[in-house]
Amino acid sequence: MHVVPSVMVAVGYIRSVVVLAGVIVPDPSVTVEAPSAGTIGKALAAAGASVQSGAALMSITASGPGSSVVSVVTAPVSGTLASVDVIAGQSVAIGMVLASITPDSFEAVAAVDPSLLYRFYGGPPSQVLVQIEKGPAPFACTFLSLGFPPGGPASAGAEASQPVDLECAIPTSQKVFSGVRCLLAATTASAAHALLIPITAVEGSANTGYVTLLRRSGHSTTQFVRLGITNGVDIQIVSGLKAGQRIAAAPPSVFPSSLGAGTG
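Fair warning: this is a prediction, and the values are worked out from it, not measured in the lab.

Calculation notes
- Residues numbered from 1 in each chain as written.
- Predicted model: local features only at pLDDT ≥ 70, side-chain atom pairs only at ≥ 80, totals over all residues.
- Heavy atoms only, no water.
- Helix = DSSP H or I, 4+ residues; strand = E, 2+ residues; numbered from the N terminus.
- Contact = heavy atoms within 4.5 Å.
- Polar contact = N/O pair within 3.5 Å; in protein donor to acceptor, adjacent residues only side chain to side chain.
- Core = buried A, V, L, I, M, F, W, Y, C linked by side-chain atoms within 4.5 Å.
- Buried < 20%, exposed > 50% of the residue type's maximum accessible area, 1.4 Å probe, protein only.
- Pairing = 2+ DSSP bridges.
- Lys, Arg positive; Asp, Glu negative; His and termini not counted.
- Salt bridge = Lys/Arg side-chain N within 4 Å of Asp/Glu carboxyl O.

J.: With reference to specific residues and values, describe the environment of Gln52.
T.: Positionally, Gln52 belongs in the loop between strand E6 (50-51) and strand E7 (56-62). Look past the residues within four positions of Gln52 in its chain and what remains in contact with it is Ala75, Val77 and Ser78. Within the local environment of Gln52, its side chain forms a polar contact with the side chain of Ser78, the two groups lying 3.4 Å apart.

J.: Go over the nonpolar core with me, naming the residues and quoting the values.
T.: Counting residues in each nonpolar core, the largest one holds 23 residues, and the members touching the most others are Ile24, Ala108, Val112, Val130, Ile170 and Leu184. For this core, the secondary structure elements donating two or more residues are strand E3 (10-26), strand E12 (106-112), strand E13 (127-132), strand E16 (164-169) and strand E17 (181-198). Looking at this core element by element, the count peaks at 4 residues for E12. Non-local contacts of Ile170, meaning those with residues more than four positions away in its chain, are made with Ile24, Phe106, Glu107, Ala108, Phe139, Cys141 and Val176. The next biggest cluster of nonpolar side chains, apart from the first, holds 16 residues, and it includes Leu57, Leu81, Val86 and Val92.

J.: Can you lay out the sheet that holds strand E9 (residues 79-84) for me, pointing to particular residues and giving the numbers?
T.: Read across the open sheet, the 4 strands follow the order E4-E11-E9-E6; overall the sheet is antiparallel. With partners counted over all chains shown, the strands left at the sheet margins are strand E4 (30-33) and E6, one partner each.

J.: I'd like a description of unusual backbone geometry, backed by residues and values.
T.: Unlike most non-glycine residues, Lys134 shows phi in positive territory, near 60 degrees. Structurally, the position occupied by Lys134 is in the loop between E13 and strand E14 (139-140). Given a relative accessible area of 85%, Lys134 falls into the exposed group.

J.: Just give me the short version of the pairing of E17, but keep the residues and values in it.
T.: The pairing of E3 with E17 spans 13 bridges and is classified as antiparallel. Note on E17: the bridge partner recorded for Val18 is Ala186. Taken together, the 6 bridges between E13 and E17 define a ladder with antiparallel strand orientation. Bridge assignment links Gln127 to a residue of E17, and that residue is Thr187. Alignment of E17 against strand E21 (residues 234-239), held across 4 bridges, turns out to be antiparallel. Bridge pairing in E21 links Leu196 to Gln236.

J.: Requested: an account of the side chain of Asp27, with residues and values cited.
T.: Here Asp27 is to be found in the loop between E3 and E4. One buried charged residue, Asp27, forms no salt bridge at all, with the nearest opposite charge on Lys175 at 15 Å. Polar contacts involving the side chain of Asp27 include one to the side chain of Ser105, which spans 2.4 Å. In contact with Asp27, other than residues within four places in its own chain, are Pro103, Ser105, Phe106 and Glu107.

Structure, rendered in C-alpha cells:
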C-alpha cells in the first residue's frame, strides 16, 4: 500500500500579517478657500512661510458699498504655505481657492498586489506597524485607506489586475523624511482556538477548497472545506474537518482519494 504523508488537524491561534514594501510621502496639499465673497486685503503670510493651524493668512472685506465686514482667512493645517493664488485688491467668490498648504505630516504608502487582497478579509487591518529602513524600532501607523476596485474586497481578489495602495498616517511625534523606504506590517485578522492545517495541504480558492481526508478504516476521501484566515504557512478551517482528524500533507491533485490511506 502506498504510504501517504499526513498531518493532523490542530487547534491553535492564528494571525494574518501582510508585510509590504512602502515609502514615506508628505500628506497631500490642503487648499485654503474663501469663506465669503469680497475683496482681498493685505496678505499676512507669503508663499514659503511656515504656518500653524489657525494662523491668519489674509483678510477679505465683504462686497457692497460702504461694507466694513472683514473676514480673516486662517490656515486649516500646520505646514508650509506652498502658494498664494490671489493678490491684494482682487475680488473673490465664496469657495474660491486662495492658497495651498503642504502639511508637516506624512503618510506611509505601500502597493498591495491583487493576489494579496483576499488576506484583508473584507475589512481594515486592526494594526499597521511601520519599520523605517535602517531606522528605529517599528511604530504604530494609523490606518487611513485601502483602495479597492468597484465591488469592494470581495471582488478584488478575482477581478483586480492592478495593485491598490494601503495608506497609514505617521504619528506627528515620529521623525521621518519624504522618500524614505519602509516596511508596513498590517495585521488583517486573527483567531483563537482555530482549526489549523498547513496551507500546502489544501487545493482551492481563497474561501473554499478540498483536502484528502485519511479515515481510520484505511480509506481516503476528497473532503470539501471552508477556509478562514491564513498566515502564509497555516490556514484556518471554518468547516469540513474536526480537530484530530488526519489529512494528506499535500493537496488532492498530488494525493487523490483513490490512493490507500496508510499514513507516514
